[in-house]
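# Coordinate analysis (summary)
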Number of protein chains: 2
Amino acid sequence: MAIGIKEIARLAGVSTATVSRALSQPARVSPETRAQVMAVVEQHDYRANSFARSLRVRRADAVLALVPNLGNPFFSEIIAGIQEGLAPAGIDLLVTDSLSQQVRRQSPVGHLQAARADGLICLDGGLPAEVLDELAASDVAGRVVFACEWPEGRHFTTVRSDNRAGMALAVQHLAALGHRRFALLTGPAGNVLTQERRQGAVAALAAAGLSLPPEAIAGGSFEIRDGYRAAGALMRCAERPTAILCASDQLAIGCISGLSELGIRVPEDVSVVGFDDIALAAYSRPPLTTIRQDRRRLGRSAAERLLDSLAGRPAAEPLTTLPVEIVVRRSTAPAPGRG
Amino acid sequence: MAIGIKEIARLAGVSTATVSRALSQPARVSPETRAQVMAVVEQHDYRANSFARSLRVRRADAVLALVPNLGNPFFSEIIAGIQEGLAPAGIDLLVTDSLSQQVRRQSPVGHLQAARADGLICLDGGLPAEVLDELAASDVAGRVVFACEWPEGRHFTTVRSDNRAGMALAVQHLAALGHRRFALLTGPAGNVLTQERRQGAVAALAAAGLSLPPEAIAGGSFEIRDGYRAAGALMRCAERPTAILCASDQLAIGCISGLSELGIRVPEDVSVVGFDDIALAAYSRPPLTTIRQDRRRLGRSAAERLLDSLAGRPAAEPLTTLPVEIVVRRSTAPAPGRG
DNA sequence: TTGAAAGCGCTACCAA
DNA sequence: TTGGTAGCGCTTTCAA
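Residues numbered from 1 in each chain as written. Chains lettered and ligands numbered in written order. Predicted model: local features only at pLDDT ≥ 70, side-chain atom pairs only at ≥ 80, totals over all residues. Heavy atoms only, no water.

### Quick word on the overall build of chain A
When you go through chain A residue by residue, the secondary structure sums to 14 helices and 12 strands. In terms of overall size, chain A is more extended than a compact globule, its C-alpha atoms giving a radius of gyration of 26 Å where 339 residues would be expected to give roughly 20 Å. Across the 339 residues in chain A, those meeting the buried criterion constitute 56%. For chain A, restricting intrachain contacts to residue pairs at least 6 apart in sequence, the fraction spanning at least 24 positions comes to 74%. Counting every atom, chain A has about 14200 Å² of accessible surface; 50% of that belongs to carbon and sulfur. Between the centroid of the 37 positive side chains of chain A and the centroid of its 34 negative side chains there is a distance of 2 Å. (Helix = DSSP H or I, 4+ residues; strand = E, 2+ residues; numbered from the N terminus. Rg over C-alpha atoms; globule rule 2.2 N^0.38 Å. Buried < 20%, exposed > 50% of the residue type's maximum accessible area, 1.4 Å probe, protein only. Contact = heavy atoms within 4.5 Å. Areas by Shrake-Rupley, 256 points an atom, 1.4 Å probe, with all protein chains shown as cover. Lys, Arg positive; Asp, Glu negative; His and termini not counted. Charge placed at Lys NZ, Arg CZ, Asp CG, Glu CD.)

What follows is the structure, given as structure tokens:
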């Protein structure tokens, strides 16, 4: 068992109160006593038991991140950002998977109720209504922020990328290259990002006097595999598209892979634009034109917002929208016949 | 503030001891009392304060995962596996970045000392010697397991993939295709995986009567970028290799990208084999032949080993080596001139 | 089967 | 500036 404060106090010849103060409010202890205490502390490598401390101060100094799927590499950069935002404040990061939580029928609110975490950063916009109701309860709502995704029709503090603007950027780039027949590879049905990005695409298309026929919409997840599968469906359209907007880089890479199996060249025959700018995007063949969203910053902002909120300084505006930019690489080219 | 055990006891008309028992040892409470207590518990959605509990039972019910770089998607699958191994036992997962830890000069042992975590799963084999010494201390060593990477010359419990066998598989596959001139793209200098995989390659090459000239070794990290850069260097070898073994899929994808810039075709001119089998490997152009290591299982095993060890049943053998397999896709082909 | 009460290790109040 | 001490919320012994 590790050494305790009583033993440190005994060895330093002071009271436990003084040891505690020497550690957390050094200014309130005379320099000599402090030195004396610190010597013993360092000698024994003493660290205050965090549970006793948390119990007393009623603070966990930990935050829980609820991730839809921990195994999905898309989230790793966001998690790194969260950690980056938390670390300076000395706050620990707990992570859990909303899939496994649901299997075990545990609410993430349990962690807050058990005082195990001070706050919650939720990367899953698709939580069941019961859970959202719990999260919206007055004593909890101030301790949760959504990042990346968010639940619709609710009013949680949220940090997100400008998904609509991103799609608009993609449409404008493609339209400028002379493309007129567009297709869209969407994410999972019901996902907010799917909706935002679709609406962004439709609006930007309309602004360019273009439209998106229903048969030119495919997808159904953000995964590579679905991009691969959808490629075939899209190419069977009566009016074959020359430009494909994808709701994720994974979809785009899968789609290009599928197109290539069909003997269709990117970007000569068809242009493809991704979304996210994952690390591999620059090195896929061809290097992917995509919409970059700063996932690390997304995580960092979410952490900072949560910390502010926990410290009693909630932001005036519950919604933070981070800018995105288009990164033009080589998966897009002038529309065929307009080279 | 959340409701406490005293209030529940009062409302249920029993003592706090009975509430506690009803919750954690239901068999030791009469059915009527239990029902009575549970009714109040559910009505108020009561959850025992985890700190008070941990303080009393001297157990955190949490484990810390120390990851070299949380933002690296390679680790996400391992983390998912850890979580998967921990969840059935109701153990929480804390994550931290060894980079940021080092910047802040905090030892991960601090979490154990502060009783904040019961154990540590370390994915970083390159920790500084001081930290390793701390981890090797008798009261700590039984609570740490290394996964994926491990520190050399130490005797920690470790779960890893069979890196040497993996490279041997790659060499055998390529040799069978008639390749005689090999190159190797290695990971970071000093990394165990770099060494194991290099040794595996050299040994398997030797067994086939082949060797690896020093100029045919390049790399220096597991990152895509370095694969891309190394492609040029490798192609400048006097004896240009026809087969490139890569220590990671990222290196392989970067390398193929670099080769393609140079007008070198994969697999017609050069065959490339990766290592890991990341999700994108199957969809890169060309689909990557690679060595699959089961990262999720790696994480799960590590979690299970740690849990066993914490429960006082340490495994007899400190080293667990998981099998790997080769996945042949289309980045490898018969050596040129042997079609 | 149940309750009273000690005490886990710490912080913060109050008094000296 | 320092020490004594109550008490954070829970579990667990001991006795009834």
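That covers the picture; the talk isn't over yet.
### Some details on the sheet that holds strand E1 (residues 62-67) of chain A
Pairing is mixed across the open sheet formed by 12 strands, whose spatial order is E11(A)-E5(A)-E4(A)-E3(A)-E1(A)-E2(A)-E2(B)-E1(B)-E3(B)-E4(B)-E5(B)-E11(B). Two strands lie at the open edges of the sheet, namely strand E11 (319-322) of chain A together with strand E11 (319-322) of chain B, each paired on one side alone. Taken pair by pair, the neighbouring strands of this sheet meet at an average axis angle of 20°, ignoring direction. Examined bridge by bridge, strand E4 (residues 144-147) of chain B and strand E5 (residues 157-161) of chain B share three bridges and lie parallel to one another. Looking at the pairing, Phe146 of chain B lines up with Thr158 of chain B of E5 of chain B. (Pairing = 2+ DSSP bridges. Axes fitted to C-alpha atoms, helices over the stretch in contact; angles between N-to-C directions.)

### Regarding the relation of the copies chain B and chain A
Overlaying chain B with chain A gives an RMSD of 0.1 Å, the required rotation being 180° about an axis along which the chain moves by 0.0 Å. Taken together, the rotation and translation describe the operation of a two-fold axis. Mapped onto chain A, 98% of the interface residues of chain B again fall at the interface, so both copies present the same surface. (Least-squares fit on C-alpha atoms with pLDDT ≥ 70 in both.)

### Points about the protein's contact with DNA strand D
Contacts to DNA strand D come from 25 residues, most closely from Thr18, Thr33 and Arg58 of chain A together with Ile5 and Arg56 of chain B. If you look at DNA strand D and keep only atoms within 4 Å of the protein, 64% of those are sugar or phosphate atoms. Here Arg21 of chain A contributes a side-chain N or O atom positioned 2.9 Å from a base nitrogen of DNA strand D. Within the backbone of Ile5 of chain B, a nitrogen or oxygen atom sits 2.3 Å from a phosphate oxygen of DNA strand D. The set of elements that each furnish at least two residues to the surface near DNA strand D consists of helix H2 (16-24) and helix H4 (50-57) of chain A together with helix H2 (16-24) and helix H4 (50-57) of chain B. (Near = heavy atom within 4 Å. Polar contact = N/O pair within 3.5 Å; in protein donor to acceptor, adjacent residues only side chain to side chain.)

### Quick notes on the domain arrangement of chain A
Where interface size is given, it is often the accessible area lost as the parts come together that is meant. For chain A, the domain assignment lists domain 1 (1-57) and domain 2 (163-294). Distance from the C-alpha centre of domain 1 of chain A to the C-alpha centre of domain 2 of chain A: 60 Å. (Domains from an automatic or database assignment.)

### A word on the nonpolar core
By size, the foremost hydrophobic cluster in this structure holds 153 residues, and its most contacted members are Leu135, Ile244 and Leu259 of chain A together with Leu135, Ile244 and Leu259 of chain B. Aside from chain neighbours lying at most four places away, what touches Ile244 of chain A is Ala183, Leu185, Leu234, Met235, Cys255, Leu259, Val270, Ser271, Val272 and Val273 of chain A. (Core = buried A, V, L, I, M, F, W, Y, C linked by side-chain atoms within 4.5 Å.)

### Comments concerning the protein's contact with DNA strand C
Surveying the vicinity of DNA strand C reveals 24 residues, the closest of which are Ile5, Tyr46 and Arg56 of chain A together with Thr33 and Arg58 of chain B. Sugar and phosphate atoms represent 66% of those atoms of DNA strand C found within 4 Å of the protein. One of the side-chain nitrogen or oxygen atoms of Arg53 of chain A is found 3.2 Å away from a phosphate oxygen of DNA strand C. Between DNA strand C and Thr33 of chain B, the relevant distance is 2.3 Å, taken from a phosphate oxygen to a side-chain nitrogen or oxygen of the residue. Among the secondary structure elements, those contributing two or more residues to the surface near DNA strand C are H2 and H4 of chain A together with H2 and H4 of chain B. Sorting elements by how many residues they give to the surface near DNA strand C places H4 of chain A first, with four residues.

### A few points about the pattern of salt bridges
Residues and elements named next belong to chain A. Following the criterion strictly, the structure yields 34 salt bridges over all chains and no others. For the salt bridge of Arg313 with Asp308, the shortest nitrogen-to-oxygen distance reads 2.3 Å. Asp308 gets classed as partly exposed once you look at its relative accessible area, which sits at 30%. Linked through salt bridges whose partners overlap, the residues forming this network are Glu77, Glu84, Arg296 and Arg300. (Salt bridge = Lys/Arg side-chain N within 4 Å of Asp/Glu carboxyl O.)

### Overview of the interface of chain B and chain A
Facing the 58 residues of chain B at the interface are 57 residues of chain A. A buried area of about 5000 Å², summed over both sides, lies between chain B and chain A, and 56% of it is on carbon and sulfur atoms. It is Phe51, Tyr283 and Arg285 of chain B in chain B that bury the most area against chain A; as a group they hold 16% of the surface buried on that side. On the surface where chain B and chain A come into contact, there are six salt bridges. (Buried area = accessible area lost by both parts, 1.4 Å probe.)

### With respect to H4 of chain A
Taken as a whole, H4 of chain A has its buried residues at Ser50, Phe51 and Ser54 of chain A. Summarising the axial view, the buried residues of H4 of chain A lie within an arc of 95°, below the 170-degree limit, and thus occupy one face. Residues of H4 of chain A that are buried in the fold lie against H4 of chain B. At the N-terminal boundary of H4 of chain A, the capping side chain belongs to Asn49 of chain A, with an oxygen 2.7 Å from the backbone nitrogen of Phe51 of chain A. Downstream of H4 of chain A by one or two residues, Arg58 of chain A has phi in the positive range, about 55°. (Arc of directions from axis to C-beta.)

### Thoughts on the packing of aromatic side chains
Residue and element names in this part refer to chain B. Applying the stated rule across the entire model yields seven aromatic pairs over all chains. Between Phe74 and Phe75, the aromatic rings sit 5.3 Å apart at their centres with planes inclined by 85°, giving edge-to-face as the arrangement. Note on accessibility: Phe74 and Phe75 belong to one class, buried. The ring of Trp150 has Arg160 lying over it, and the distance from NZ or CZ to the ring centre is 4.9 Å. (Phe/Tyr/Trp six-rings, centres within 6.5 Å; stacked < 30°, edge-to-face > 60°. Lys NZ or Arg CZ within 6 Å of the ring centre and 35° of its normal.)

### Details of empty space enclosed by the protein
By the definition in use, this model includes five cavities of 30 Å³ or more. Estimates place the volume of the largest cavity at around 80 Å³. What lines the largest cavity is simply Phe51, Ala62, Leu94 and Arg116 of chain A together with Phe51, Ala60, Ala62, Leu94 and Arg116 of chain B. Considering only residue class, the lining of the largest cavity consists of seven nonpolar, no polar and two charged. Contributing to the lining of the second largest cavity are Leu70, Ser76 and Ile79 of chain A together with Val67, Asn69, Leu70, Asn72, Phe75, Ser76 and Ile79 of chain B. Listed by contribution, the elements that provide at least two residues to the lining of the second largest cavity are helix H5 (76-86) of chain A together with helix H5 (76-86) of chain B. Its residues assigned to classes, the lining of the second largest cavity comprises six nonpolar, four polar and no charged. (1 Å grid on protein atoms, 1.4 Å probe; cavity = no way out; pocket = protein on both sides within 12 Å on 5 of 7 lines; lining within 4 Å. Points joined across faces, edges and corners; volume = space filled by probe spheres on them. Nonpolar A, V, L, I, M, F, W, Y, C, P; charged D, E, K, R; others polar.)

### With respect to the environment of Gln113 of chain A
Inspection of the secondary structure puts Gln113 of chain A in helix H7 (residues 109-113). Note on Gln113 of chain A: relative accessible area 22%, which makes it partly exposed. A C-alpha to C-alpha distance of 8.8 Å links Gln113 of chain A and Val140 of chain A, two positions 27 residues apart in sequence. Non-local contacts of Gln113 of chain A, meaning those with residues more than four positions away in its chain, are made with Ala2, Asp45 and Arg47 of chain B.

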